[in-house]
Amino acid sequence: MNEPLKLGVAGLGTVGLGLVNLLRANADLITARAGRPIEVTAVSARDRSRDRGVDFSGLDWHGDAVALATSPKVDVVVELMGGADGPARGLVEAALRAGKPVVTANKALLATHGAALAKLAEAQGVPLAYEAAVAGGIPAIKALREGLAGNRISRVAGILNGTCNYILTEMRLKGLPFETVLSTAQELGYAEADPAFDIDGVDAAHKLAILAALAFGHQVDLAAIHVEGIRRVSALDIALAGELGYRIKLLGIASREEGGVTARVHPCMVPAGSPIASVDGVFNAVLAEGDAVGRVVLQGRGAGAGPTASAVVADLVDIARGRFAPVWGAATDTLDAAPGLPMERHRGAYYLRLMVLDQPGVIADVTGALRDARISLESMLQRGRAPGEAVPVVMVTHECEEGQMQAALARIAGLASVVEPPAMIRIEVL
Ligand SMILES: NC(=O)c1ccc[n+]([C@@H]2O[C@H](COP(=O)([O-])OP(=O)(O)OC[C@H]3O[C@@H](n4cnc5c(N)ncnc54)[C@H](OP(=O)(O)O)[C@@H]3O)[C@@H](O)[C@H]2O)c1
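Rules used in this analysis
- Residues numbered from 1 in each chain as written.
- Predicted model: local features only at pLDDT ≥ 70, side-chain atom pairs only at ≥ 80, totals over all residues.
- Heavy atoms only, no water.
- Helix = DSSP H or I, 4+ residues; strand = E, 2+ residues; numbered from the N terminus.
- Rg over C-alpha atoms; globule rule 2.2 N^0.38 Å.
- Buried < 20%, exposed > 50% of the residue type's maximum accessible area, 1.4 Å probe, protein only.
- Areas by Shrake-Rupley, 256 points an atom, 1.4 Å probe, with all protein chains shown as cover.
- Lys, Arg positive; Asp, Glu negative; His and termini not counted.
- Charge placed at Lys NZ, Arg CZ, Asp CG, Glu CD.
- 1 Å grid on protein atoms, 1.4 Å probe; cavity = no way out; pocket = protein on both sides within 12 Å on 5 of 7 lines; lining within 4 Å.
- Points joined across faces, edges and corners; volume = space filled by probe spheres on them.
- Nonpolar A, V, L, I, M, F, W, Y, C, P; charged D, E, K, R; others polar.
- Near = heavy atom within 4 Å.
- Polar contact = N/O pair within 3.5 Å; in protein donor to acceptor, adjacent residues only side chain to side chain.
- Pairing = 2+ DSSP bridges.
- Contact = heavy atoms within 4.5 Å.
- Expected span 1.5 Å × (residues − 1).
- Axes fitted to C-alpha atoms, helices over the stretch in contact; angles between N-to-C directions.
- Parallel < 35°, antiparallel > 145°, perpendicular 65-115°, else oblique.
- Left-handed = near helix turned anticlockwise from the far one by under 90°.

**Student:** What's the story with the overall build of the chain in this structure? I'm lost.
**Tutor:** Helix and strand counts for the chain stand at 13 helices and 17 strands. For a compact globule of 430 residues, the expected C-alpha radius of gyration is about 22 Å, and the chain comes in at 24 Å, within 12% of that figure. Each of the three principal axes of the chain carries a C-alpha extent, and together these read 80 × 45 × 35 Å. When each of the 430 residues of the chain is scored for burial, the buried share is 53%. Roughly 17,900 Å² of accessible area belongs to the chain as shown, and the carbon and sulfur atoms make up 52% of that amount. Side chains of the chain give 40 positive and 47 negative charges; the mean places of these two sets differ by 3 Å.

Here is the structure:
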């Protein structure tokens, strides 16, 4: 029997406990695939007294997670605490400096400090693996970095946050407002007590920064991502989108445009028949388009103990077998450091929904603002008649630049007959 691979696991929450349980439950087949047993020898968490429903006897306990980096009983450090800085960053840096491979599920850390950490891992000649950091159980990192290595990628996109996807799905199916569904999601444990990180798009942006770096061979660049969340998506717009043949999803999208790459997270209208439109509830999806392969779509569970532990074990099996790829798919000095394109350069079609007073001349004012911004309309729909009162008017534009749309929106919002800020949702053909 080959020597076991000894793990120091920092963080015994959802993912950490999921990992310990999966390694025990599937020990035989994991040993066969890894060519050696993979065993947890040391652990760290904040509260030693908490009953976690798992037997830790015989394992070293470290109150200070960073101590795992230098423990002689640890071959590989598994960081499952979370946080872009603090002990997670301290532990990962210390482990790499000590020449120990690191596996982490921490997208915040990688999106924020991934460039420096990749340099450190490269200098030390050790793997820094993070399959679990993006889309949980979906093997998106391996697919992009290894499976699609022969392709020039034109676009990578995904439903990258299960909380948002759950909320948007429930709003559509039940016709409920955002706040009501958010409260239910919190009760069910699908949303945090402070949901801002998820619903404002920050978590999806972390994941998109990672996917974009891999897809386009550039430095991970969180600051270049345009981020909007789902707070302003209304049940009315979800219903109207449905009538037009679309579904509303929070997507992270990075695409190669003329002159560079745009990366953005925002609610999108996608055709109801597209593969990504039917990915509902807490499920995630990742889509990539390559010049040789065409379109590839992966979907599955993006979070939870089992799916995330599944991804961590995949990295551990690679490490046990001595397989590893550069952190961002290529040597760090070959990565493109050019800044991403600003959001104003995004091109696409737009959905607009205005609440306008039902009186003569209103539509002419709105279409005049669009005409002056050189935006043409594909279709228009007015709902109901209520002379003197506000009624919804929906417009779908032909493709234009974001800058043009923002100029038109500013004009439209200032019209006396438009009674609330216009709702705008970008249309994405996937
Ligand atoms: N949950 C998911 O489905 C999921 C999916 C993909 C990626 N991730 C990522 O996986 C990581 C862990 O997430 P999680 O959901 O498992 O978090 P969690 O349930 O909150 O668990 C965090 C664990 O880290 C421990 N910890 C926190 N600070 C520590 C410190 N200073 N020293 C030692 N231990 C410390 C906590 O200890 P105590 O238990 O004693 O408080 C807890 O056991 C995060 O980076 C997250 O983004 C999670």
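**Student:** Please explain empty space enclosed by the protein as it appears in this structure.
**Tutor:** Summary: where empty space remains is shown by rolling a probe the size of a single water molecule over the atoms. Taken as a whole and judged by the stated rule, the model has one cavity of 30 Å³ or more. Its volume calculated, the largest cavity comes out at about 50 Å³. Around the largest cavity, the lining residues are Ala-140, Ala-143, Leu-144, Leu-148, Val-286, Leu-287, Ala-288, Val-296 and Leu-298. Of all the elements in the fold, those that place two or more residues in the lining of the largest cavity are helix H5 (140-147), strand E11 (283-290) and strand E12 (294-301). Taken together, the residues that form the lining of the largest cavity break down as nine nonpolar, no polar and no charged.

**Student:** Looking at this model, I keep getting lost on the site of the ligand. Mind explaining?
**Tutor:** Close contacts around the ligand come from 22 residues, with Leu-12, Val-15, Asp-47, Arg-52 and Gly-304 the closest. Between an oxygen atom of the ligand and a main-chain N or O atom of Leu-12, the distance comes to 2.8 Å. Taking Arg-46, its main chain carries an N or O atom lying 2.9 Å from an oxygen atom of the ligand. Calculation on the ligand without its partners gives an accessible area of 900 Å², and the protein chains cover 78% of this total. A breakdown of the residues in the shell around the ligand according to their chemical character gives nine nonpolar, eight polar and five charged.

**Student:** Honestly, the sheet that holds strand E3 (residues 60-61) in this entry has me stumped. Any pointers?
**Tutor:** The strands making up a sheet associate through hydrogen bonds between their backbones, and the pairing can be parallel or antiparallel. The parallel open sheet is built from six strands, whose spatial order is E3-E2-E1-E4-E5-E6. The open sheet has two free edges, formed respectively by E3 and strand E6 (128-129), since each of these has just one partner strand. Pairing of strand E4 (residues 76-79) with strand E5 (residues 102-104), which is carried by three bridges, proceeds in the parallel orientation. Looking at E5, one finds that Glu-79 is bridged to Thr-104.

**Student:** Is there a simple way to think about the environment of Val-76 in this case?
**Tutor:** By the element assignment, Val-76 lies in strand E4. Under the relative-accessibility criterion, Val-76 is labelled buried at 1%. Once the C-alpha coordinates of Val-76 and Asn-2 are considered, the two residues, 74 residues apart in sequence, prove to be 16 Å apart. Excluding anything up to four places from it in sequence, Val-76 contacts Leu-5, Lys-6, Leu-7, Gly-8, Pro-101, Val-103, Leu-316 and Ile-319.

**Student:** Where do I start with helix H6 (residues 162-174) in this structure?
**Tutor:** Between its first and last C-alpha atoms H6 spans 18 Å; for 13 residues at 1.5 Å apiece the expected length is 18 Å, and the two agree. Judged by how many residues are buried, H6 sits mostly within the fold: ten of 13 residues are covered. Here H6 has its buried residues at Gly-162, Thr-163, Cys-164, Asn-165, Tyr-166, Ile-167, Leu-168, Thr-169, Glu-170 and Met-171. Those residues of H6 hidden inside the fold are in contact with strand E7 (153-159), helix H7 (178-188), helix H8 (196-199), helix H10 (235-243), strand E9 (246-257) and E11. A distance of 3.2 Å separates the backbone nitrogen of Thr-163 from a side-chain oxygen at the start of H6, and that oxygen is part of Asn-161.

**Student:** So what exactly am I meant to see when it comes to the packing of helix H12 (residues 362-372) against helix H13 (residues 402-413) here?
**Tutor:** In a pair of packed helices, the angle between the axes and the distance between the axes together describe the arrangement. Across the interface, H12 lies against H13 with an axial gap of 8 Å and an inter-helix angle of 155°. When the interaxial angle is binned, H12 and H13 end up roughly antiparallel. The hand of the H12/H13 crossing is right-handed. Residues Val-366, Gly-368, Ala-369, Leu-370 and Asp-372 of H12 form the contact with H13, whose participating residues are Ala-408, Arg-411 and Ile-412.

**Student:** Before we go on, may I ask you to explain the layout of surface pockets in this structure?
**Tutor:** Size it by volume and the largest pocket reaches roughly 1,400 Å³. As for the largest pocket, its lining consists of 48 residues, and the residues nearest its centre are Thr-14, Val-15, Met-81, Lys-107 and Glu-192. Of all the elements in the fold, those that place two or more residues in the lining of the largest pocket are helix H1 (14-25), helix H4 (107-124), H6, H8, helix H9 (202-216) and helix H11 (305-321). Classifying every residue of the lining of the largest pocket by side-chain character gives 20 nonpolar, 17 polar and eleven charged. What lines the second largest pocket is a set of 20 residues, and nearest its centre among them are Glu-228, Arg-232, Pro-422, Ala-423 and Met-424. Those elements that provide at least two residues to the lining of the second largest pocket are H13 and strand E17 (423-427). Among the elements that take part in the lining of the second largest pocket, E17 stands out by supplying four residues, more than any other. Looking at side-chain class alone, the lining of the second largest pocket contains nine nonpolar, three polar and eight charged residues.

**Student:** How do you make sense of the side chain of Thr-169 when you look at a structure like this?
**Tutor:** Tracing the chain through its elements places Thr-169 in helix H6. Exposure remark for Thr-169: the relative accessible area of 5% places this residue in the buried category. Setting aside its immediate chain neighbours within four residues, Thr-169 contacts Lys-249, Asp-280 and Gly-281.

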